[in-house]
Every structure is written in structure tokens, then in C-alpha cells.
Amino acid sequence: KMTPQPDLEEWRALAERSDGLTEEVRIALIGKYTGLTDSYLSVIKSLKHASIACGRKLEILWIEASQLEGFTDDAPQCKDGEASGKEGDESNSRVDR
């Protein structure tokens, strides 16, 4: 028996769309092991898929968590279990398009 050729049209269209993206979206990724990108593989893949779905080219800004130590000394502190913004205030999670 001969196996039928797979229909790769959708795959090719996705690849072409992905390769043609020029407008970027920048995402900062803060982590402890930023030198080991394999540690974040599932996060990277998820962000890549989301950026393609939004028609944007993904740029990840890697930030080593240890570089942020001491930056919160003057920042307002939250009580345990309390959100940093006021209820209903979405300014901390706003995404500009």
C-alpha cells in the first residue's frame, strides 16, 4: 500500500506568515536560569505561537532575576496574597498594541 501524501498547505501558509512578520512585540522574561533557554522552552514556544497568532515577530528580553535584587527597596510593598493594583485597575497588566 502507498501512503497518501500529507496536505501541507496549512503548514506552509503558517510558515510563510511567520517568516514574513516584521512588526515586533517585546516580552521581558525574568528568570533565575536565563542562560539555559531550554529551561524556558515551553514558555518560549507558547509566546512564539501567541505572537504569530497576533501577527507580531517575537523579541524576548532576557532578564536575570539576580540583577533585580535591591530594585524593590523603594517600591510599594504588597501584603501577602494582595495584588499590586487596586481592584478593577488593569493598568499593571495593560498591553499596548
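Only a predicted model underlies this, so the values are computations on that prediction, with no experimental measurement involved.

Details of the environment of Gly 55
Note that Gly 55 resides in the loop between helix H2 (41-53) and strand E2 (57-64). Residue classification places Gly 55 among the partly exposed residues on the basis of a relative accessible area of 31%. With 30 residues separating them along the chain, Gly 55 and Val 25 place their C-alpha atoms 9.3 Å apart.

Details of the pattern of salt bridges
The full count for this structure, using the stated rule, is three salt bridges. Residue Glu 23 is joined to Arg 56 by a salt bridge in which the shortest nitrogen-to-oxygen separation is 3.6 Å. With Glu 23 in the loop between helix H1 (9-19) and strand E1 (24-31) and Arg 56 in the loop between H2 and E2, this pair connects stretches of sequence that are 33 residues apart. Classification of Arg 56 as partly exposed rests on a relative accessible area of 22%. The residue Arg 26 makes a salt bridge to Glu 59 at a minimum N-O spacing of 3.0 Å. One end of the pair, Arg 26, is in strand E1; the other, Glu 59, is in strand E2, with 33 residues separating them in the sequence. We classify Arg 26 as exposed; its relative accessible area is 59%. According to the relative accessible area criterion, Glu 59 is partly exposed, its value standing at 25%.

Notes on the pairing of E1
Here E1 pairs with E2 via eight bridges, running parallel. Pairing of Val 25 across the sheet is with Leu 58, part of E2.

Rules used in this analysis
- Residues numbered from 1 in each chain as written.
- Predicted model: local features only at pLDDT ≥ 70, side-chain atom pairs only at ≥ 80, totals over all residues.
- Heavy atoms only, no water.
- Helix = DSSP H or I, 4+ residues; strand = E, 2+ residues; numbered from the N terminus.
- Buried < 20%, exposed > 50% of the residue type's maximum accessible area, 1.4 Å probe, protein only.
- Salt bridge = Lys/Arg side-chain N within 4 Å of Asp/Glu carboxyl O.
- Pairing = 2+ DSSP bridges.

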